Amino acid sequence: MLIVVLASLRARWTGLLGSFTALALGVGLLAAMCLGLAATADAPVRAADRFPGAPVVVMGTDTLTVEVERGPTTAGISHRLAHPQPVDIELLRDLRALGPLTTDGRPDAVGVTADPGAVRAVVGDRAQVLTGDERRRADPRPERDAEALMTVNSLLGTAGGVTAFVAVFVVASTFAFAVALRRREFGLLRTAGATPRQLRVLVLTEAAAVGVVASAAGCALGAWGAPLLARLLVDGGIAPAWFTVGDHTWPFHAAFWTGLVVACAGAWTASRRAGRTRPAEALREADAESGGAPLGRRLLGGALLLAGAGLLVWTLATDPADLLKRKTYTTVPMVLITAVAVLSPVLVGPTARLVRLPGAAGLLIRANARAARRRTAAVAAPVLVTVAMAGSLMGSAATVTAAKGAEARGQTTADLVVTGTELTAPGPIPGALVSASATTAVFVREDRTALVRSEARAVTDPAALASIARLPVVAGDLRDLDDRSIVVNEEWAEHRVGAAVDVWLGDGRPVTLRIAAVLAAGTGGNGGYVTAANVPAAPLDRLDVRLAGGADRSAVTAALRATGGEIRTADAWAAATHPRTGPQIRLGLLVVLGIALVYTAIALANTLVMAGSARAGEFRALGLTGATRAQIVTVAAGESLLAVGIGALLGAAVTAVNLACLLAALAALSAPVTADLPWTVLGVSVAACALIAVAAGIAPVLTGRRAVR
């Protein structure tokens with residue numbers, strides 16, 4: 001058997017080149033991404049930069065810890081406060097007796113030059129005492145490094161999943177098509193006495209041999225490419241400047257064995273088909289395929305189709321907000337894409353019948369596409385995957401961000417918006433109504449089992465808010481908001497107007513507030529509202545200003561400059577704070593789509609080159625019937641373009657289903673319903689697929705000197 005395998009590999013190395021390339025590239029990408037994931041395990045230890053010269057930092061409480069139920073016991077759940085509590089004046093007086101104090105104008109922390117033990121004895125449980133590396137907790141946004149690594153981790157994890165998904169798909173498709181082309185060879189082996197088990201072992205052994213060599217090459221490629229990937233992430237603003245890959249070894253083990261498993265798994269179905277080859281196939285001359293797709297393939301595709309559609313409908317019915325999350329609209333469409341790809345041999349025939357091509361060449365192109373369903377499906381499927389991923393991923397991201405921008409702009413009737421980190425509260429401005437607010441948060445314990453943080457805004461004048469804001473109120477009235485009430489949204493467990501809710505404010509103080517109004521959930525930006533009296537530590541960071549009729553706009557603008565913030569029109573503010581798609585998200589999605597497009601190119605080139613080499617007799621027969629070389633080239637190019645077009649249509653159908661569910665979710669959440677498709681990316685993807693398919697499809701005709709006249 002080993003002799004037969006080696007002979008087969010030597011004779012058919014060109015047919016296995018596509019599988020080898022796809023697998024080596026996939027293993028290389030997995031190795032590089034796993035190295036990147038390993039580097040995100042821990043953020044580097046930074047030196048304290050707020051009080052670098054003070055050996056001790058005393059900081060007020062910056063976390064809220066609440067007991068929740070965990071089965072028969074309880075556990076403390078902690079969240080970082082939106083406004084850390086200040087160090088009180090009495091404690092500051094005691095600390096001054098120990099040594100010099102260092103302050104920066106903010107009341108939440110102070111540096112102390114004194115013995116740490118003495119400081120702890122004085123502070124007791126009135127505040128936190130930080131020494132050494134812990135002093136970084138007093139720095140602004142101490143979690144920024146961890147958040148940056150989480151973004152990198154999410155991107156690399158998604159890209160790694162897409163790589164594995166497309167690699168399995170391409171390798172399985174390549175082996176399946178190669179087995180379909182080797183029917184006569186397997187028939188001869190069966191005639192010579194080979195058993196079905198021996199044919200299965202032959203195909204799996206070939207796959208394992210390719211897998212070992214390709215995985216080893218991929219590990220070397222990953223070691224070379226990981227630093228380049230890290231640099232790309234840093235230059236694109238996705239990873240922090242200090243991000244580098246380490247010298248971990250487990251990523252290479254994971255990538256190598258994953259590659260080998262992918263190779264064998266991809267060839268498993270093909271090996272079963274090879275084992276079912278009958279000796280009579282040795283006498284077969286016609287290449288036309290008879291019968292439909294195997295029952296197992298139909299059942300698998302149907303099950304995946306039901307699962308994908310059912311998952312979308314179930315999520316839409318039970319939690320439409322979940323469809324707006326990046327993790328969901330990145331992963332859920334994969335089930336539907338896989339289902340349509342599995343069913344592609346069944347779908348290419350009916351889709352090809354919808355296309356009308358002129359002339360005898362057009363008739364021959366359609367007939368060939370329908371007769372050779374496996375070949376057409378092998379070309380259409382990777383195009384389907386690329387188009388569906390481009391439309392579903394980038395279309396969903398653009399649609400969600402567009403809806404958020406439209407929602408933010410539609411929720412204010414202001415003419416001007418002033419923003420800044422710490423605005424100075426303006427006095428009365430003639431001809432202008434001003435609604436001042438600050439960013440804060442509230443915490444609520446839901447069902448006694450979870451502590452939920454909700455973003456909120458603290459408003460200075462509820463009457464001005466009710467007049468200027470155009471919030472999606474579904475119950476209650478914004479004018480009823482006062483110091484003893486709160487505005488919530490429909491995502492809260494308790495959202496009945498008039499109900500009392502126990503909450504913890506942004507500075508950790510527990511209060512009981514009455515629900516004055518309830519907002520629609522929207523795209524997730526409709527947080528709660530409390531009055532500024534409940535959160536005195538929250539600095540003003542936004543002013544919504546509406547001009548009265550006949551007001552002097554320049555005079556109002558001049559008065560607003562005293563606040564120290566940036567003054568923009570409401571449209572300019574919405575465009576600046578709610579962009580269509582963030583550059584970091586766009587770069588990450590383009591990386592994922594780039595991987596899919598590269599695999600599509602490999603699959604197209606490999607499939608069409610293998611098919612072309614097996615069709616020499618067909619092309620020769622066309623030449624003998626009087627067809628010129630140009631006409632045969634036209635037929636080969638037309639078949640490639642038709643297969644690419646079928647794949648693009650099926651991919652567009654999958655995209656339409658995914659975006660339709662997303663738009664339905666926006667409507668259910670009372671958010672702006674607007675679709676935003678990446679036409680440029682889709683056009684470039686389809687054009688690239690068409691160019692590669694045509695080049696690979698006509699190459700055997702142009703290079704075969706004896707095939708055609």
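What you see is a predicted model, and the numbers here were worked out from it, not measured in a lab. (Residues numbered from 1 in each chain as written. Predicted model: local features only at pLDDT ≥ 70, side-chain atom pairs only at ≥ 80, totals over all residues. Heavy atoms only, no water.)

**Q** What is the right way to look at the nonpolar core in this model?
**A** Soluble globular proteins: nonpolar side chains tend toward being buried together. Core analysis: the largest hydrophobic core is formed by 83 residues, its most contacted members being Leu233, Phe243, Leu324 and Met389. Here the element with the most residues in this core is helix 13 (residues 373–410); it accounts for 15 residues. Contact partners of methionine 389, with chain neighbours within four places excluded, come to Val162, Val166, Met334, Ile337, Met394, Val592, Leu593 and Ala596. (Core = buried A, V, L, I, M, F, W, Y, C linked by side-chain atoms within 4.5 Å. Buried < 20%, exposed > 50% of the residue type's maximum accessible area, 1.4 Å probe, protein only. Helix = DSSP H or I, 4+ residues; strand = E, 2+ residues; numbered from the N terminus. Contact = heavy atoms within 4.5 Å.)

**Q** Can you help me understand the side chain of threonine 563 in this one?
**A** Among the secondary structure elements, threonine 563 is positioned in the loop between helix 15 (553–560) and strand 16 (566–569). Here the side chain of threonine 563 touches leucine 560 through a polar contact of 2.6 Å, landing on its backbone oxygen. The contact partners of threonine 563, leaving out residues within four places of it in the chain, are Val418, Leu423, Thr424, Pro426 and Leu543. (Polar contact = N/O pair within 3.5 Å; in protein donor to acceptor, adjacent residues only side chain to side chain.)

**Q** Whenever I open this one, the sheet that holds strand 5 (residues 109–112) confuses me. Can you help?
**A** In a beta sheet, neighbouring strands pair by backbone hydrogen bonds and run either parallel or antiparallel. As summarised here, the arrangement of the four strands in space is 4-5-1-6, forming an open sheet in which the pairing is antiparallel. Where the open sheet ends on each side, the last strands, each with one partner, are strand 4 (101–102) and strand 6 (128–131). Summarising the sheet, strand 4 and strand 5 pair through two bridges and their orientation is antiparallel. When the sheet's bridge partners are listed, threonine 102 is paired in strand 5 with glycine 111. Relative to strand 6, helix 4 (residues 116–123) is tilted by about 170°, and along the sheet it contacts strand 1 (56–59), strand 5 and strand 6. (Pairing = 2+ DSSP bridges. Axes fitted to C-alpha atoms, helices over the stretch in contact; angles between N-to-C directions.)

**Q** When you look at helix 4 in this model, what are you seeing that I'm missing?
**A** Side chains of residues three or four places apart in an α-helix project in the same direction, reflecting 3.6 residues per turn. Two or three places before glycine 117, at the start of helix 4, stands the capping residue aspartate 115, its side-chain oxygen 3.0 Å from that residue's backbone nitrogen. Phi turns positive, to about 60°, at glycine 124, one or two residues after helix 4.

**Q** I would appreciate a short explanation of the environment of valine 332 in the present structure.
**A** Counting through the fold element by element, valine 332 comes out in helix 10 (residues 326–342). Here valine 332 falls in the buried class, since its relative accessible area comes to 12%. Beyond its immediate stretch of four places on either side in the chain, valine 332 contacts Leu311 and Leu312.

**Q** So what exactly am I meant to see when it comes to a nonpolar patch on the surface here?
**A** Among the surface-exposed residues, Leu221, Trp224 and Leu228 lie close enough to one another that they form a single nonpolar patch of about 330 Å² accessible area. When you line up the elements, tryptophan 224 lands in helix 7 (residues 196–235). With relative accessibility at 60%, the residue tryptophan 224 sits in the exposed group. (Patch = residues over 30% accessible without salt bridge, like charges linked within 9 Å, V, L, I, M, F, W, Y side chains within 5 Å. Areas by Shrake-Rupley, 256 points an atom, 1.4 Å probe, with all protein chains shown as cover. Salt bridge = Lys/Arg side-chain N within 4 Å of Asp/Glu carboxyl O.)

**Q** When you look at the pairing of strand 1 in this model, what are you seeing that I'm missing?
**A** Residues in a regular strand project their side chains so that they alternate between the two faces of the sheet. The side-chain alternation of strand 1 yields two buried faces, one formed by Val56 and Val58 and the other by Val57 and Met59. In this sheet, strand 5 lies alongside strand 1 in antiparallel orientation, the contact comprising four bridges. Paired with methionine 59 across the bridge in strand 5 is alanine 109.

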